Amino acid sequence: MSDFEILDPRFKALIIGHAKLERLWAGCRWAEGPVYAPAAKHVLWSDIPNDRVLRYDEKGGAVSVFETPCGYQNGHALDGDGRIVACEHGARRVSRLEHDGRWIALADRFEGRRLNSPNDVVVKSDGSIWFSDPTYGIDGFYEGALAEPEVGGCYVYRFEPATGRLTAAAKDRVRPNGLAFSPDERVLYIADTGETHVQDHPRAIHAYNVGPDGSLRYDRVFAVSDAGFFDGFRVDWRGNLWTSSADSVRAYAPDGALIGRIPIPEIVSNLCFGGRHRNRLYITAQTSLYAIYLNTHAAGWRWDQR
Ligand code: MG
């Protein structure tokens with residue numbers, strides 16, 4: 001029996017029909033924010049309510065605690081120098097793990113006011129760091145600590161590490177969440193989970209055109225979910241978007257068509273590409289870390305230059 005559900009012939013070329021979904025570890029309260037660190041050959045991911053970051057050793061299969069307490073970290077990304085960039089609900093900031101082991105703050109205020117609780121992050125090839133800032137880490141004491149929002153909205157920000165400049169790139173989302181660029185970085189996809197706070201708000205991923213100056217221009221609704229929220233997601237090298245949902249990983253073609261599903265027995269929060277060839281999809285879902293091999297790989301990984 002296949003672990004893939006093919007909804008469009010295009011999906012067939014992206015999968016390995018007999019590859020099995022592996023449950024690598026269970027024991028989280030809410031697993032989120034996976035990132036693959038190629039040099040360390042490990043996956044890090046967040047267990048937000050337990051205020052810890054876990055580590056899966058890809059070679060030996062062991063799981064251990066990488067960092068705790070960790071400021072209730074959520075989303076992670078790798079920058080161009082191989083450093084981990086983290087969204088911290090607790091400290092309400094975006095931080096970076098230096099090669100000497102220190103976590104340093106990159107951004108914690110916008111126009112003098114504290115950020116809400118950075119949720120997910122992506123690093124563009126020019127070094128700029130883009131992150132979403134909904135309120136989930138300050139809505140209560142489970143994934144952070146209850147606090148009043150100070151910024152007058154939930155924005156997507158663009159941070160320039162070289163200058164320290166923080167710009168609100170998108171102010172038109174209700175609760176921006178997952179983020180990813182298209183392979184040519186001309187499109188930024190943003191998930192909006194605003195239905196948690198605004199009744200009947202569409203559970204959608206939106207596409208924005210990215211200008212040469214880093215500005216965003218709204219383009220279109222890319223996809224609407226019929227099964228829970230789109231939270232975190234990633235884009236493969238062909239521009240297909242692989243996203244979380246309540247019951248599965250869903251794959252969308254660049255034209256927005258739902259082409260296939262990978263059913264997961266828990267609520268999927270996020271995912272990332274990893275493995276030597278970046279063709280192994282690591283999936284965080286509620287209590288667990290899962291993985292499955294695909295016949296496609298991460299955008300931005302230049303396999304043809306190795
Ligand atoms: Mg998220």
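Look up a bit, the structure's there.
How each quantity is defined
- Residues numbered from 1 in each chain as written.
- Predicted model: local features only at pLDDT ≥ 70, side-chain atom pairs only at ≥ 80, totals over all residues.
- Heavy atoms only, no water.
- Helix = DSSP H or I, 4+ residues; strand = E, 2+ residues; numbered from the N terminus.
- Rg over C-alpha atoms; globule rule 2.2 N^0.38 Å.
- Buried < 20%, exposed > 50% of the residue type's maximum accessible area, 1.4 Å probe, protein only.
- Contact = heavy atoms within 4.5 Å.
- Areas by Shrake-Rupley, 256 points an atom, 1.4 Å probe, with all protein chains shown as cover.
- Lys, Arg positive; Asp, Glu negative; His and termini not counted.
- Charge placed at Lys NZ, Arg CZ, Asp CG, Glu CD.
- Pairing = 2+ DSSP bridges.
- Axes fitted to C-alpha atoms, helices over the stretch in contact; angles between N-to-C directions.
- Donors = N, O, S within 2.8 Å, 3.2 Å for Na, K, Ca; no water.
- Core = buried A, V, L, I, M, F, W, Y, C linked by side-chain atoms within 4.5 Å.
- Salt bridge = Lys/Arg side-chain N within 4 Å of Asp/Glu carboxyl O.
- Phe/Tyr/Trp six-rings, centres within 6.5 Å; stacked < 30°, edge-to-face > 60°.
- Lys NZ or Arg CZ within 6 Å of the ring centre and 35° of its normal.

A. Geometry of the overall build of the protein. Across its full length, the protein holds one helix and 27 strands. For the protein, the C-alpha radius of gyration of 18 Å lies close to 19 Å, the compact-globule estimate for 306 residues. Taken along the three principal axes of its C-alpha coordinates, the protein extends 55 × 40 × 40 Å. Within the protein, the fraction of its 306 residues that count as buried is 58%. The long-range share in the protein, meaning contacts at least 24 apart out of those at least 6 apart in sequence, stands at 46%. Working note: accessible area of the protein is about 12700 Å², and carbon and sulfur atoms make up 49% of it. Looking at the protein, you have 36 positive and 40 negative side-chain charges, and the mean spots of the two groups are 4 Å apart.

B. Geometry of the sheet that holds strand β7 (residues 73–78). Pairing is antiparallel in the open sheet, where four strands are placed in the order β7-β8-β9-β10. Across the chains shown, the open sheet's two edge strands, defined by having one partner strand only, are β7 and β10 (103–107). Looking at each pair of strands side by side, their axes are set apart by 30 degrees on average, direction ignored. Sheet topology note: the β7/strand β8 (residues 84–88) ladder contains four bridges and is antiparallel. In the sheet register, His76 faces β8, and the bridge partner there is Ala86.

C. Seen up close, the sheet that holds strand β25 (residues 268–274). Strand order in the open sheet formed by four strands is β2-β27-β26-β25, and the pairing between neighbours is antiparallel. Each edge of the sheet is formed by a strand with only one pairing partner; in this case those strands are β2 (22–26) and β25. Strand-to-strand twist across the sheet, computed as the mean angle between neighbouring axes with direction ignored, equals 20 degrees. In terms of strand pairing, β2 meets strand β27 (residues 288–293) through four bridges, oriented antiparallel.

D. Quick peek at the coordination of the magnesium ion. In this structure, Asn119 (OD1), Asn177 (OD1) and Asp231 (OD) serve as the protein donors to the magnesium ion, at separations of 2.2 to 2.3 Å. Of note, the magnesium ion draws all its donor residues from one chain, in the sequence arrangement N-x57-N-x53-D. Of the two residues, Asn177 is situated in strand β17 (residues 176–181) and Asp231 in the loop between β20 (216–224) and β21 (233–235); the sequence distance between them amounts to 54 residues. Assessed through its relative accessible area of 3%, Asn177 is described here as buried. Owing to a relative accessible area of 10%, Asp231 belongs among the buried residues under this scheme.

E. Up close: the nonpolar core. Core analysis: the largest hydrophobic core is formed by 22 residues, its most contacted members being Phe11, Trp242, Val249, Ile262, Leu281, Ile283 and Leu294. Among the secondary structure elements, those contributing two or more residues to this core are β23 (248–252), β24 (258–263), β25, β26 (280–285) and β27. Aside from chain neighbours lying at most four places away, what touches Val249 is Trp242, Thr243, Gly260, Arg261, Ile262, Ile264, Val268, Leu271, Leu281 and Ile283. With 18 residues, the next largest nonpolar core counts Val85, Val123, Phe159 and Leu166 among its residues.

F. Representation of the pattern of salt bridges. Applying the stated rule across the entire model yields 22 salt bridges. A salt bridge links Asp47 to Arg52; the nearest nitrogen and oxygen atoms lie 2.9 Å apart. With respect to class, Asp47 is no different from Arg52; both count as buried. The salt bridge partner of Arg250 is Asp247, with a shortest N-O separation of 3.3 Å.

G. View of the packing of aromatic side chains. For the structure shown, the criterion picks out 14 aromatic pairs. Ring geometry for Phe230 and Tyr252: centres 5.8 Å apart, planes at 90 degrees, overall edge-to-face. Pair noted here: Phe230 is in the loop between β20 and β21 and Tyr252 is in strand β23, with a separation of 22 residues, a long-range link. Like Tyr252, Phe230 is buried. One aromatic cluster is present, built from ring pairs that chain together Phe110, Phe131, Tyr155 and Tyr157. Of note, Arg203 hangs over the ring of Phe229, and the distance from its end group to the ring centre comes to 4.3 Å. Across from the ring centre of Trp237, 4.0 Å away, lies the NZ or CZ of Arg238, which sits over that ring.

The quantities given are spatial measurements derived from coordinates; they are silent on function.
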